[in-house]
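Okay, here's what each chain looks like letter by letter:
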Amino acid sequence: MPELPEVETVRRGLAPVLVGSRIAALEARRPDLRFPLPERFGERLVGQEILGLERRAKYLIAALSGGEDLVMHLGMTGRFTIVRDGGRETPGDYIHETGADPAHDHVVLHLCDGSRIVYNDPRRFGFMVMMPRTERPDHALFRGLGAEPLGIELSADYLASRAGGKKVNLKSFLMDQRMIAGLGNIYVSEALFRAGLSPNRGARSLADRHGAPTDRAMRLVPAIKQVLQQAIDAGGSTLRDYRHADGASGAFQDEFAVYDRAGLVCVRKGCGGTIRRTVHAGRASFHCPRCQR
DNA sequence: ACTGTACCCTGTAGGC
DNA sequence: TGCCTACAGGGTACAG
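Residues numbered from 1 in each chain as written. Chains lettered and ligands numbered in written order. Predicted model: local features only at pLDDT ≥ 70, side-chain atom pairs only at ≥ 80, totals over all residues. Heavy atoms only, no water.

*Asks:* So, the overall build of chain A: which residues are in play, and what are the values?
*Replies:* Helix and strand content of chain A: eight helices and 10 strands. Here chain A has a C-alpha radius of gyration of 20 Å; the compact-globule value for 293 residues is 19 Å, and the two agree. Projecting the C-alpha coordinates of chain A onto the three principal axes gives extents of approximately 55 × 40 × 30 Å. Looking at chain A as a whole, 55% of its 293 residues qualify as buried. Within the structure as shown, chain A displays about 12,900 Å² of accessible surface, and the carbon and sulfur contribution to it stands at 49%. (Helix = DSSP H or I, 4+ residues; strand = E, 2+ residues; numbered from the N terminus. Rg over C-alpha atoms; globule rule 2.2 N^0.38 Å. Buried < 20%, exposed > 50% of the residue type's maximum accessible area, 1.4 Å probe, protein only. Areas by Shrake-Rupley, 256 points an atom, 1.4 Å probe, with all protein chains shown as cover.)

*Asks:* I'd like a rundown of the state of the cysteines, residues and numbers included.
*Replies:* On inspection of all chains with the given rule, the structure shows zero disulfides. Of the cysteine sulfurs around Cys288, a residue in no disulfide, the closest is that of Cys271, at 3.7 Å. What makes Cys288 buried here is its relative accessible area of 0%. (Disulfide = S-S within 2.5 Å.)

*Asks:* Describe unusual backbone geometry, naming the residues involved and giving the relevant values.
*Replies:* Residue Ala57 is not a glycine yet carries a positive backbone phi of 55 degrees. Looking at the element boundaries, Ala57 is found in the loop between β2 (50–56) and β3 (59–64). Since its relative accessible area comes to 1%, Ala57 is described here as buried. At Arg124, a position not held by glycine, the phi torsion is positive, near 60 degrees.

*Asks:* Lay out the confidence of the model for chain A in plain terms, naming residues and giving numbers.
*Replies:* Any segment with low pLDDT has predicted coordinates that should not be analysed in fine detail. Averaged over every residue, the pLDDT of chain A is 93; the share at 70 or more is 95%. A low-confidence stretch, residues 88–96 (pLDDT under 50), is modelled with 19 contacts involving residues beyond four sequence positions or located in other chains. (pLDDT = per-residue confidence, 0-100. Contact = heavy atoms within 4.5 Å.)

*Asks:* Before we move on, could you go through the domain arrangement of chain A and cite the residues and values that matter?
*Replies:* In terms of domains, chain A is made up of domain 1 (4–138) and domain 2 (156–287). Taking only C-alpha atoms into account, the centre of domain 1 sits 29 Å from that of domain 2. The interface of domain 1 with domain 2 comprises 19 residues on the first partner and 18 residues on the second. In total, domain 1 and domain 2 occlude about 1,500 Å² of area from one another, counting both sides; carbon and sulfur atoms represent 62% of this. For the pair domain 1 and domain 2, the interface holds zero salt bridges. Secondary-structure elements contributing two or more residues to the side of domain 1 that touches domain 2 are α1 (4–18) and β5 (79–83). (Domains from an automatic or database assignment. Buried area = accessible area lost by both parts, 1.4 Å probe. Salt bridge = Lys/Arg side-chain N within 4 Å of Asp/Glu carboxyl O.)

*Asks:* I'd like a rundown of α1, residues and numbers included.
*Replies:* Look at α1: 20 Å from first C-alpha to last across 15 residues, which is about the 21 Å you get at 1.5 Å a residue. Within α1, 12 of the 15 residues are buried, which leaves the element mostly enclosed by the surrounding structure. Those residues of α1 not exposed but buried are Leu4, Pro5, Glu6, Val7, Glu8, Thr9, Val10, Arg11, Leu14, Ala15, Val17 and Leu18. Downstream of α1 by a residue or two, Gly20 has a phi angle that is positive, lying close to 90 degrees. (Expected span 1.5 Å × (residues − 1).)

*Asks:* A description of the protein's contact with DNA strand B should follow, citing residues and the corresponding values.
*Replies:* Taken together, the residues surrounding DNA strand B are His104, Pro122, Arg123, Arg124, Phe125, Lys166, Lys167 and Val168. Within the side chain of Arg123, an N or O atom sits 2.8 Å from a base oxygen of DNA strand B. At 3.1 Å, a backbone N or O of Val168 approaches a phosphate oxygen of DNA strand B. Grouping the amino acids of the surface near DNA strand B by side-chain chemistry returns three nonpolar, one polar and four charged. (Near = heavy atom within 4 Å. Polar contact = N/O pair within 3.5 Å; in protein donor to acceptor, adjacent residues only side chain to side chain. Nonpolar A, V, L, I, M, F, W, Y, C, P; charged D, E, K, R; others polar.)

*Asks:* Residues and numbers for the packing of aromatic side chains, please.
*Replies:* Here the distance between the centres and the angle between the planes together describe a pair of aromatic rings. Counted according to the given criterion, the structure contains eight aromatic pairs. Between the aromatic rings of Phe252 and Phe256, the centroid separation amounts to 6.1 Å while the plane-to-plane angle is 70 degrees, which identifies the pairing as edge-to-face. Take Phe252 and Phe256: they sit in the same class, and that class is buried. Of the aromatic side chains, those joined through ring pairs into one cluster are Tyr187, Phe252, Phe256, Tyr259 and Phe286. It is Arg136 that lies over the ring of Phe142; its NZ or CZ is 5.7 Å from the centre. (Phe/Tyr/Trp six-rings, centres within 6.5 Å; stacked < 30°, edge-to-face > 60°. Lys NZ or Arg CZ within 6 Å of the ring centre and 35° of its normal.)

*Asks:* Summarise the side chain of His73; cite the residues concerned and give the values.
*Replies:* For His73, the position within the fold is in strand β4 (residues 68–73). Overall, His73 belongs to the buried group, its relative accessible area being 16%. Within polar-contact distance, the side chain of His73 engages the backbone nitrogen of Gly75 at 2.9 Å. Among all residues touching His73, those that are not within four sequence positions of it are Lys58, Tyr59, Tyr119, Gly126 and Phe127.

This is how it looks when you write it as structure tokens:
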């Protein structure tokens, strides 16, 4: 579920509560999510102050005073909810407080001020790992990540250099976290619509035969940046599970041009085309065959 | 080296 | 009402 805008929205919601706080206790209600929780998870967290909370791609990274990073990924259905001091104690009461099924409240961080951060994840595709801060850039999770899409490193030149000669279609290329880190199924479809590019087109068409960026690559870069920024401004997209850290829904789902709109008329004035659903690498794609070539 | 498919897990929506 | 299938914002491990 959570792509870059959703993870960034969660980060902004958690940061004011987490940063500067100290961890009083850890509740791990099961030993694993997608992967086993870190060895001696509680020992390594309790007593630590959280110095900062940043995002890289779809990862949340809490910097701990002891020198380790707590790296968190929300998978498809993960969500963090802040429960303020005074919230009720029994798991069953979380349903009122977080709106999530308490059976899937897997990890609870208790902070010294009495508030709690509850991690809920029905499908358990999310995970948490810890690593020394100095080792993070070389860690397997981060080493191969591509450009951060809202950073200056995502440019037409970058796209052309990564896409040249590749046989993959544009949709799969943009979904590949080694190329661009943070896009997912929704925002790839939305960015391609804004750029007027078909998801079926070969990624290689972002570069000419000399490896220089084509006008398609030039259109794609601002399309990606704009759709992500607008989605962040709207607090992300809530389809099912995703919520802000305070339980609120995102609003960007109301602004989808193509995602999940198969069979509906294209939103572009005067187009009149019908949005089509196709499949790339097992994931649904949506595009307007008239607007997107 | 690259590309496509199966799979991890649970919940829900839709067809019969 | 049930039962069954297909599908869902993620990523990874293989086989070809």
